[in-house]
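Per-entry structural report
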Amino acid sequence: MSKTSLEICYDFPFFLKEELDEIFEAHEKVSFRKGDIILQEGKTANEYYILEKGLARSFVTDFNGNEVTTHFFADNEIVIEVSSLFQRIPTQENIVCITDCECMKLSFDNFQELFHKIPNLREWGRAWMSQQLFAYKQRSAEMFTLSATRRYLNLLEQKPQVVRWAPLKQIASYLGVTDTSLSRIRKELVSHPE
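The rules behind these values
Residues numbered from 1 in each chain as written. Predicted model: local features only at pLDDT ≥ 70, side-chain atom pairs only at ≥ 80, totals over all residues. Heavy atoms only, no water. Salt bridge = Lys/Arg side-chain N within 4 Å of Asp/Glu carboxyl O. Helix = DSSP H or I, 4+ residues; strand = E, 2+ residues; numbered from the N terminus. Buried < 20%, exposed > 50% of the residue type's maximum accessible area, 1.4 Å probe, protein only. Core = buried A, V, L, I, M, F, W, Y, C linked by side-chain atoms within 4.5 Å. Contact = heavy atoms within 4.5 Å.

Enumeration according to the criterion identifies ten salt bridges in this entry. Lysine 17 is the partner of aspartate 21 in a salt bridge, and the nearest nitrogen-oxygen pair spans 2.8 Å. With aspartate 21 and lysine 17 both in helix H2 (residues 17-25), this residue pair falls four residues apart, about one helical turn. By relative accessible area, which is 31% here, aspartate 21 ends up partly exposed. Given a relative accessible area of 59%, lysine 17 falls into the exposed group. Residue lysine 169 is joined to aspartate 179 by a salt bridge in which the shortest nitrogen-to-oxygen separation is 4.0 Å. Of the two residues, lysine 169 sits in helix H8 (residues 168-175) while aspartate 179 sits in helix H9 (residues 179-191), which places them ten residues apart along the sequence. What makes lysine 169 exposed here is its relative accessible area of 58%.

In terms of nonpolar packing, the biggest core is built from 35 residues, with Tyr10, Tyr48, Leu121 and Trp124 touching the most fellow members. Ignoring sequence-local partners within four residues, the contact set of tyrosine 10 consists of Phe15, Leu20, Ile23, Phe24, His27, Tyr48, Ile50, Leu106, Leu121 and Trp124. Within the second largest apolar cluster, 16 residues are counted, among which are Leu55, Val162, Val163 and Tyr174.

Put into structure tokens, the structure is as follows:
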């Protein structure tokens, strides 16, 4: 039996079945179309989403007015802007759907209620935040220590749907390279796959 997105995201060994049932019930199914804005710069996040199906990205606008992709969200991942949601501040990021997206939404108020009611949710949250911090720290280091080709190959391995669905310009900005450089890398990999 395949696991649902909620089961995958809330996979934590200490949850009791009744706790998971209550957490799952608090989520609401929502759909977005390609191009829909999930969160807009200057707004405060009031919920987070479990992405069941689709692809979304977060981006900031740099001082020259260019969009710089900061993250891609794929199936079975939590779509969230942590600082805005938990510090209750306006976000600097935008989160936009690259494809049609099916999600399960949990409002901030419902999360807060469950967070104070279910100690295991607090423990899950700590574990999830630690894992996210590690991932962001690792990505930060890789931007300086790995070649652009290696960063592209890592993205291809970890999130192949990004390479399949996201426009070249968005992938290039995420990898910290120009569109031209990314095109060259892709051509080289096709002609020299080893």
